[in-house]
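These are the residues of each chain, in order.
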Amino acid sequence: MKQLRLGVLAGLFAAAGVLSWGGARLWDTVGTLPSVPLAAPVVLAVIAVVLLATALSIRSRLRAQRERRPGAKGVEPLMAARAVVFGQASALVTSLVCGMYGGVGLFLLMNSLDVPARRDQAMYAGLSVLAGAGVVAAAFFLERVCKLPDDEDQGTAPAA
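Right, let's walk through the structure included here. (Residues numbered from 1 in each chain as written. Predicted model: local features only at pLDDT ≥ 70, side-chain atom pairs only at ≥ 80, totals over all residues. Heavy atoms only, no water.)

1. Notes on the packing of helix H1 (residues 6-30) against helix H3 (residues 77-111)
- The geometry of H1 relative to H3 is characterised by a closest axis approach of 7 Å and an angle of 40° between their N-to-C directions. Taken together, the axis directions place H1 and H3 in an arrangement best described as oblique. Two packed elements cross with a definite hand, and for H1 against H3 that hand is right-handed. Between H1, through Val8, Leu9, Leu12, Phe13, Ala16, Gly17, Ser20, Trp21, Ala24, Arg25 and Asp28, and H3, the contact on the second element is made entirely by Ala91, Leu92, Ser95, Leu96, Cys98, Gly99, Met100, Gly103, Val104, Leu106, Phe107 and Met110. (Axes fitted to C-alpha atoms, helices over the stretch in contact; angles between N-to-C directions. Helix = DSSP H or I, 4+ residues; strand = E, 2+ residues; numbered from the N terminus. Parallel < 35°, antiparallel > 145°, perpendicular 65-115°, else oblique. Left-handed = near helix turned anticlockwise from the far one by under 90°. Contact = heavy atoms within 4.5 Å.)

2. Brief notes about the nonpolar core
- Counting residues in each nonpolar core, the largest one holds 21 residues, and the members touching the most others are Leu51, Ile58, Ala91, Leu142 and Cys146.
- Of all the secondary structure elements, the ones that give two or more residues to this core are helix H2 (39-66), H3 and helix H4 (116-145).
- By residue number, the principal contributor to this core is H4, which donates seven residues.
- If you look at the next biggest cluster of nonpolar residues, it comprises 11 residues, including Val36, Val104, Phe107 and Ala125. (Core = buried A, V, L, I, M, F, W, Y, C linked by side-chain atoms within 4.5 Å. Buried < 20%, exposed > 50% of the residue type's maximum accessible area, 1.4 Å probe, protein only.)

Below is the structure:
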């Protein structure tokens, strides 16, 4: 499984932002603009909290297992792999969604802050981007927690 790369996530964010900004400009010429739902930053924040809670739970279980505490529950490798896949998928989708909200929010900031409804939409879009950054940070933390330690003998050839 490949690790998340910040450049890929930033590229997805930028591409989705540019496309949604252009789409918002085009859609605004018709006279309407799709709204940014109030639930968007809330849902993204909940996903970030779930990822962070998962990472902290796995980290504490791994620490207890490493310290050989009595009654310590181990971490099943498949469960850790599923958690990492969930984190990576969340980060990728969040980059696209936040790019979309960021593009719409940028359009609203540039054009129509005098209308109270659109000002609220711009605020929801900005909060969505901030919550999305939290999802990405939690996904990176989860990935780091579940990473296997590097084998020190990996670089040396076996004796023949």
